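Notes for the structure review
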Amino acid sequence: MAEPPPPLSGPARLSYSLGHFLNDLCASMWFTYLLVYFHAVLGYSTTHAGALLLVGQVADGVCTPLVGCESDRSAGCGRYGRRKSWHLVGTVCVLLSFPFIFNPCLGCTEATPQWAALIYFIPFIVIFQFGWAATQISHLSLIPELVTTDHEKVELTAFRYAFTVAANITVYGVAWLLLHFQLGHSGPTEQLGKPDIHVFRNLALIVVAVGAVFSLLFHLGTKERRHPQARLLEPEEHTPLLQKGHKNPPRPLLLWKHWLQEPAFYQVAMLYMATRLIVNLSQTYIAMYLTNSLMLPKKFIATIPLVMYISGFLSSFLMKPINRWIGRNLTYFMGLLIILAFASWVALDSRLGAEVYGAAVLLGAGSATILVTSLSMTADLIGSNTHSGAFVYGAMSFTDKVANGVAVMAIQNLHPCPTQLCCAGCVEFYHWVMVVVTGGVAVVATVCLCCIMVWPIRVRFHDVSVLPLAGAVPGEAGSTEERSRSSTVN
């Protein structure tokens, strides 16, 4: 019986945590500033700005499960493992496409119709989302392959999320500096407009440069052992009908189509979707809420998200002891209570002043708690079935990406003044948007959590005969868990 691998060393954990930093930097800009940039800075209508975000989310949602399936089936490129190969492909796509999204349309003039400019941006958005999906899925799929115990998975997920928060802090910190020291032709103003184009362009270039360095460190420091591909057992002429000498027959490997028959798969997918709706929609509309509902100066679109993610960063380090003390479900429920407290505060006080910083602390801590815990539940669902882990993460991501895109488009179409920067109606509009996307979705997440508490996450076994490893000697066949442990990076 193969011995379980020793825990990952500190440098190995640090190296792994750096692998999603570029994605996190870009995602922070994408969700927080895309609508603000295209609507308030470039002057696009709310519908057109929402359409661009929808295109990106749908492209990401479609690419994610496809990349997951291919990542599970591929054997890697050369000496690279299958996960790191896809991570490298995704990184290159992100680096080449993202700067063009936050840069005005090249060759367009004031007379260029908005629909023509939208067509210009769509290819860059699709390439970016493909690269983002490839990087995200390959990075997430490494968690159950690098570590085996529940607490190690939570710890590695917490480290990963800590760097996610650090990436967001970096984006908002740099954005605050650029807005504070901007050198626009008309001088600094309190409201966003065309003079701020260069601020977002420079921010995107800084994001790409910093992210490239962190991705390089990940590829240099993370070691992935190559996995032989699983394949269905093809009977031959001399294959005996009954195998002899097997005290413990091998457990069946779960392929992607078997996951679709697992009720726990849909339970976790719904919970993860609700979690991402809370985190992403609150991040998308916090800037609009601050500038249009609370009438705060534009520097607050950097300082308030910064406070949120500092709160989340500190909270992420408490996840391991809290999970060990009260368990996954109660930890997630505690995060939901914090989110509901934020939503209640915003609903009851429509004119937040300095108190907005306290509300930001609540939102940041609650978002960090539910996101880390939901990712840990996904890793629990995969368990030792790491050979199809990328498909599971891809399917989870598909639900959240499409749901986020549809939700944003619906909100944009409900906007009371879609062709104007803001009107009297949008003051209350963004106020209630923040309440619904946090408190309303938190209620849905509570229902999903109750289902998991009543019917705990459990993967059934399917009657599928496969060779655990292509070319494995029959006498060496063991449990799937043992085989996943033996292939984990030491």
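Scroll up to find the structure this text is about.
Counting starts from 1 at the beginning of each chain's written sequence and moves along it residue by residue. A pLDDT threshold of at least 70 governs which residues receive local features in this predicted model, and a stricter bar of 80 or more applies before side-chain atom pairs are shown or counted, although totals over entire chains, interfaces and linings include all residues. Side-chain measures here rest on the full set of heavy atoms in the structure, leaving out hydrogens and waters.

1. Here we look at the overall build of the protein
- Regarding its fold elements, the protein presents 16 helices and two strands.
- Every one of the 490 residues in the protein was classed for burial, and the buried ones make up 56%.
- Should any heavy atoms of two residues lie within 4.5 Å, those residues are considered in contact. Within the protein, counting contacts between residues at least 6 apart in sequence, those at least 24 apart form 85% of the total.
- Reported accessibility uses the Shrake-Rupley method at a 1.4 Å probe radius. Residues are deemed covered only where the shown protein chains occlude them. Total accessible area on the protein is roughly 20300 Å²; 69% of this is exposed by carbon and sulfur atoms. Segments assigned H or I by DSSP are reported as helices when at least four residues long, segments assigned E as strands when at least two residues long, and all are numbered from the N terminus. Between buried and exposed lies partly exposed: a residue is buried under 20% and exposed over 50% of the maximum accessible area for its type, with that area taken using a 1.4 Å probe on protein chains only.

2. Here's the deal with the environment of arginine 324
- Secondary-structure assignment places arginine 324 in helix H12 (residues 319–348).
- In this structure arginine 324 comes out as exposed when scored by relative accessible area, which is 51%.
- Taking the C-alpha atoms as reference points, arginine 324 and histidine 151, separated by 173 residues in sequence, lie 7.4 Å from one another.

3. Considerations on the pattern of salt bridges
- When a carboxyl oxygen of Asp or Glu is within 4 Å of a side-chain nitrogen of Lys or Arg, the pair counts as a salt bridge. Enumeration over the complete set of coordinates arrives at three salt bridges.
- A salt bridge links lysine 298 to aspartate 196; the shortest N-O distance between them is 2.9 Å. Here the residue lysine 298 occupies a position in the loop between helix H10 (263–293) and helix H11 (300–316), and aspartate 196 occupies one in the loop between helix H7 (150–180) and helix H8 (197–221), the gap between them amounting to 102 residues.
- The exposure class assigned to lysine 298 is buried, which follows from its relative accessible area of 5%.

4. So, the packing of helix H2 (residues 21–41) against helix H4 (residues 82–101)
- Interaxial distance between H2 and H4 falls to 12 Å at its minimum, and their mutual angle equals 20 degrees. Accordingly, the angle class assigned to the pair H2 and H4 is roughly parallel. Here H2 and H4 pass one another in a crossing that is left-handed. Residues Leu22, Asn23, Cys26, Met29, Trp30, Leu34, Tyr37 and Phe38 of H2 pack against Thr91, Val94, Leu95, Phe98 and Ile101 of H4.
- Of the residues contributing to the contact of H2 with H4, the split by class is 11 nonpolar, two polar and no charged. Fitted lines through C-alpha atoms serve as axes, helices being fitted only where they are in contact, and the angles separating the N-to-C directions of these axes extend from 0 to 180 degrees. Here roughly perpendicular refers to angles of 65 to 115 degrees, roughly parallel to angles under 35, roughly antiparallel to angles over 145, and oblique to all remaining angles. Handedness of a crossing follows from how the near helix is turned relative to the far one, being left-handed for an anticlockwise turn of less than a right angle and right-handed for a clockwise one. Basically, the charged four are Asp, Glu, Lys and Arg, the nonpolar ten are Ala, Val, Leu, Ile, Met, Phe, Trp, Tyr, Cys and Pro, and anything else, Gly included, counts as polar.

As far as function goes, none of this settles anything; it's purely spatial.
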